[in-house]
Protein chains: 2
Amino acid sequence: MKEAQPKTTAATVADVARLSGVSKATAARVLGGYGTVSDKARDTVMQAAQALGYRPNELARSMTTGRSGTIGVVVGDIENPFFGSAVRGISDAARASGFNVVLANSGEDVAAERMAIETLVAKRVDGLIVSPAQDSAIGHLEDIGHAGRPLVLLDRAIAALAVDSVTADDRQAAEAVTRLLVERGHRHIAYVTACDTPTHLYRDTRDILTASVRERIEGFLQVGAQAGIADMPRWVRLGANTSDAARRLTIDLLGAATPPSAIIASDSLIALEIFKIAREQGIAMPDALSLVTFHDAAWTAVTTPSVTVVRQPVYDMGEAAARMLIERLNGETCAPRRLILPTQLVERASVAVPGTADAGPRIRRL
Amino acid sequence: MKEAQPKTTAATVADVARLSGVSKATAARVLGGYGTVSDKARDTVMQAAQALGYRPNELARSMTTGRSGTIGVVVGDIENPFFGSAVRGISDAARASGFNVVLANSGEDVAAERMAIETLVAKRVDGLIVSPAQDSAIGHLEDIGHAGRPLVLLDRAIAALAVDSVTADDRQAAEAVTRLLVERGHRHIAYVTACDTPTHLYRDTRDILTASVRERIEGFLQVGAQAGIADMPRWVRLGANTSDAARRLTIDLLGAATPPSAIIASDSLIALEIFKIAREQGIAMPDALSLVTFHDAAWTAVTTPSVTVVRQPVYDMGEAAARMLIERLNGETCAPRRLILPTQLVERASVAVPGTADAGPRIRRL
DNA sequence: TTGAAAGCGATACCAT
DNA sequence: ATGGTATCGCTTTCAA
């Protein structure tokens, strides 16, 4: 038992000062590690601090310095491995620079996102990293800047917002994926996303309020159209934002008069659900149905067939976002940077390939 | 543009008070939502607050109230889907009660864990939820109590620590899994875990410093011994704490003079690696190698063969932990509760089963 | 090098 | 119902 803490209240700078017989200012200087103090004073104070079990109160410290050493992170769903990796990247980079991470889940809901941001700003985080659920309502994002805190957008840039962002090259990746499918002879290609519109129907690319998804759909539509496929938009399916929804939507899609011969899943959660259904319904993959997904989730390599994916550098994206934010916190004032990280097309076995066996993945830079 | 914020500094209670012509105390009352104020005063103040773009400073608020409305969470690896789900559970429960979550990654390193806890306590989180990397060094965990903050242990209880904990029924689950394997005729069953000892060798169950893993190994050893299998301990393999380590270790295991006919993977990350290797090396599953893992990760249902798993109620565990913590924060003072949630054995197709086809999972309560 | 005292932005007690 | 003021724990001038 080396606890000297008299069950009363935590020791403060004042207590330490009193015990060591120096002024509060001097004690604070050694305890806070700033200013100049004599070695003798330092020793006495440290000793007293030790005896009292002194622990600094970061809250009080933040209040006077105006910095909390904390960055706020708002993501759509921490349960999604995509965000899991990103948060890990952020977290590692943050700690390397001595910052903490406060995490908030928006559930892809703008109202929740708005509240989370408000709270985080009220808690005086030094800066924020946000994966905005939509890029239409951006008032709460602008408020971050008004509050004097830097903001970095993760995975989803917003054209109307002049702030740093880190995204993957979604447009190009979607084009490559669609092209691959078209080259393999597919004419009925569906694109399934968690994004939604009030009507749950896709009408116009402007209805898609998540930037990354919109870019993917644009790429998808364009390549399809170029290939002379009629009525591409009808193949865009919205609202697969829960596993149940994804399931219903996919079953519906596969049971239609003209089912798709290939599906592009906008995230790995959707791909997983599609995979399950294909299995349950005995739909042979890739022969009867080809599948491609964004995000090289760990499991995509071990299924039969293994899944062809767009590999996004998710961890790196998180890390880069944190780095950029910390640069701003350290005084960087350059113009907003829109960092776009390259992706890779990892060709595995879930796309019907005319005479190639499953001989390990073929990886292509995009 | 409805920003009235004069680029100077954020509006404070004093500013609002001044503009609305009332005292600081009154303004604080309406802004803070406490005490009693006349409707008229409320209106004026709210209006002034609006005009000034007043945002409360939670830091200052926390300092006087002593509560921050924040709970700290320390997990081993947020990238691990297990913790992803748990954190989601915590996060949802926390928000439902108006709490925020500060997340820290320990990387399963005690020193990092200690630092994370120290920081969180210094930041005056109201309470903590921790998945302790080891149950040997518990000084820093005891400090949490000394600092007057409640602590809830997640996934790993510590006998020597009298605090609330939420775990799965690891011991029983391990017994059931091992029994299943034994019943299927396996005599060479390996147990692979991320846990490690200084020598990387398993000698004694007391060397295992992670409670949940120790319980599992105990169950594993006991059932094996009961079944008359000699030299069980040699089948325990430690240190699969990165995908590379898991890979090396598994390759080593499978290449040995007497390779195991079945492997129990302590987490889904290890199982994934084993699955990959079996595939690469053309080892037929489940015929040549059976596999069982703890944690019903999403992908385990879609592989070929699908993987038999111990389903732990991970999200619920996180949720329960947060609930218990919040109860403490609301004044609950009962004796420490050790909540042990039941698991399920989900029998799928990765264990050689004498004449049963893959006809959907068979689920057993444990 | 050290100390006294003024904040930081809210809450809370005590009068009025 | 309202106002004045001490207070929380620390940092930060400003003098000495």
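Residues numbered from 1 in each chain as written. Chains lettered and ligands numbered in written order. Predicted model: local features only at pLDDT ≥ 70, side-chain atom pairs only at ≥ 80, totals over all residues. Heavy atoms only, no water.

Here the focus is the overall build of chain A. On a plain count of helices and strands, chain A comes out with twelve helices and 13 strands. Taking 366 residues into account, the globule formula puts the C-alpha radius of gyration at 21 Å, and chain A, at 26 Å, lies well above it. Referenced to the eigenvectors of the C-alpha coordinate spread, the extents of chain A come out at roughly 85 × 45 × 35 Å. Taking all 366 residues of chain A together, the buried fraction comes to 53%. When contacts within chain A are restricted to residue pairs at least 6 apart in sequence, long-range pairs at least 24 apart make up 68% of them. Split by element, the accessible area of chain A, about 15600 Å² in all, is 53% carbon and sulfur. Side chains of chain A give 40 positive and 41 negative charges; the mean places of these two sets differ by 5 Å. (Helix = DSSP H or I, 4+ residues; strand = E, 2+ residues; numbered from the N terminus. Rg over C-alpha atoms; globule rule 2.2 N^0.38 Å. Buried < 20%, exposed > 50% of the residue type's maximum accessible area, 1.4 Å probe, protein only. Contact = heavy atoms within 4.5 Å. Areas by Shrake-Rupley, 256 points an atom, 1.4 Å probe, with all protein chains shown as cover. Lys, Arg positive; Asp, Glu negative; His and termini not counted. Charge placed at Lys NZ, Arg CZ, Asp CG, Glu CD.)

What follows covers the protein's contact with DNA strand C. In the vicinity of DNA strand C lie 28 residues, with Thr26, Arg29 and Ser38 of chain A together with Val13 and Thr64 of chain B positioned nearest. Here the atoms of DNA strand C within 4 Å of the protein split so that 59% fall in sugar or phosphate, with bases taking the remainder. In the model, a phosphate oxygen of DNA strand C is placed 3.0 Å from a nitrogen or oxygen of the Arg61 of chain B side chain. In the environment of DNA strand C, a sugar or linking oxygen lies 2.7 Å from a nitrogen or oxygen atom belonging to the side chain of Thr64 of chain B. The set of elements that each furnish at least two residues to the surface near DNA strand C consists of α2 (24-32) and α4 (58-65) of chain A together with α2 (24-32) and α4 (58-65) of chain B. Class assignment of the residues belonging to the surface near DNA strand C gives a composition of 13 nonpolar, ten polar and five charged. (Near = heavy atom within 4 Å. Polar contact = N/O pair within 3.5 Å; in protein donor to acceptor, adjacent residues only side chain to side chain. Nonpolar A, V, L, I, M, F, W, Y, C, P; charged D, E, K, R; others polar.)

This brings us to the relation of the copies chain B and chain A. The two copies are related by a screw motion: chain B maps onto chain A through a turn of 180 degrees and a shift of 0.0 Å along the axis, at an RMSD of 0.1 Å. The symmetry that links the two subunits is that of a two-fold axis. A high fraction, 98%, of the interface residues of chain B reappear at the interface in chain A, so the copies pair face to face through one surface. (Least-squares fit on C-alpha atoms with pLDDT ≥ 70 in both.)

What follows is about the UniProt feature "domain: HTH lacI-type" (unreviewed entry) in chain A. Feature annotation in UniProt places "domain: HTH lacI-type" (unreviewed entry) on residues 11-65 of chain A, given in this structure's numbering. Counting secondary structure, residues 11-65 of chain A comes out at 71% helix and 0% strand; the distance between its end C-alpha atoms is 21 Å. (UniProt positions renumbered as here; feature names shortened; annotations may be inferred.)

This paragraph deals with the interface of chain B and chain A. Across the boundary between the two partners, chain B contributes 48 residues, which contact 48 residues of chain A. Buried surface at the junction of chain B and chain A, both sides included, amounts to about 4600 Å², of which 55% is carbon and sulfur. The tally of links between chain B and chain A comes to four salt bridges. With a closest N to O distance of 3.8 Å, Glu79 of chain B and Arg88 of chain A form a salt bridge. Run the count over chain B and chain A and you get 20 residue pairs in polar contact (both at pLDDT 80 or more). Broken down by secondary-structure element, the contributors of at least two residues to the side of chain B that touches chain A are α4, α5 (81-96), β2 (100-105), α6 (110-122), α7 (139-146) and α11 (268-280) of chain B. Looking at the side of chain B that touches chain A, the element that brings in the most residues is α5 of chain B, giving six residues. Here the residues of the side of chain B that touches chain A are counted per class, giving 18 nonpolar, 16 polar and 14 charged. Here strand β2 (residues 100-105) of chain A pairs with β2 of chain B via three bridges, running antiparallel. Note on β2 of chain B: the bridge partner recorded for Val102 of chain A is Val102 of chain B. (Buried area = accessible area lost by both parts, 1.4 Å probe. Salt bridge = Lys/Arg side-chain N within 4 Å of Asp/Glu carboxyl O. Pairing = 2+ DSSP bridges.)

Our focus in this paragraph is the protein's contact with DNA strand D. In the neighbourhood of DNA strand D, 26 residues make up the surrounding shell, with Val13 and Tyr54 of chain A together with Thr26, Arg29 and Ser38 of chain B lying closest. Side-chain polar atom of Lys24 of chain A to a base nitrogen of DNA strand D: 2.9 Å apart, as the coordinates give it. Interatomic distance of 2.7 Å between a side-chain N/O atom of Arg29 of chain B and a base nitrogen of DNA strand D. Of all the elements in the fold, those that place two or more residues in the surface near DNA strand D are α2 and α4 of chain A together with α2 and α4 of chain B. When residues of the surface near DNA strand D are assigned to their parent elements, the largest contribution, five residues, is made by α4 of chain A.

Residue and element names in this part refer to chain A. Sheet architecture is open: seven strands sit in the order β7-β6-β8-β9-β10-β12-β13, paired in mixed fashion. Two strands lie at the open edges of the sheet, namely β7 (236-237) and β13 (362-365), each paired on one side alone. With three bridges joining them, strand β10 (residues 308-311) and strand β12 (residues 344-347) adopt antiparallel strand pairing. If you follow Arg311 over to β12, its bridge partner there is Gln344. Running at roughly 160 degrees to strand β9 (residues 290-294), helix α11 (residues 268-280) makes contact with β6 (189-192), β8 (262-265) and β9 of the sheet. (Axes fitted to C-alpha atoms, helices over the stretch in contact; angles between N-to-C directions.)

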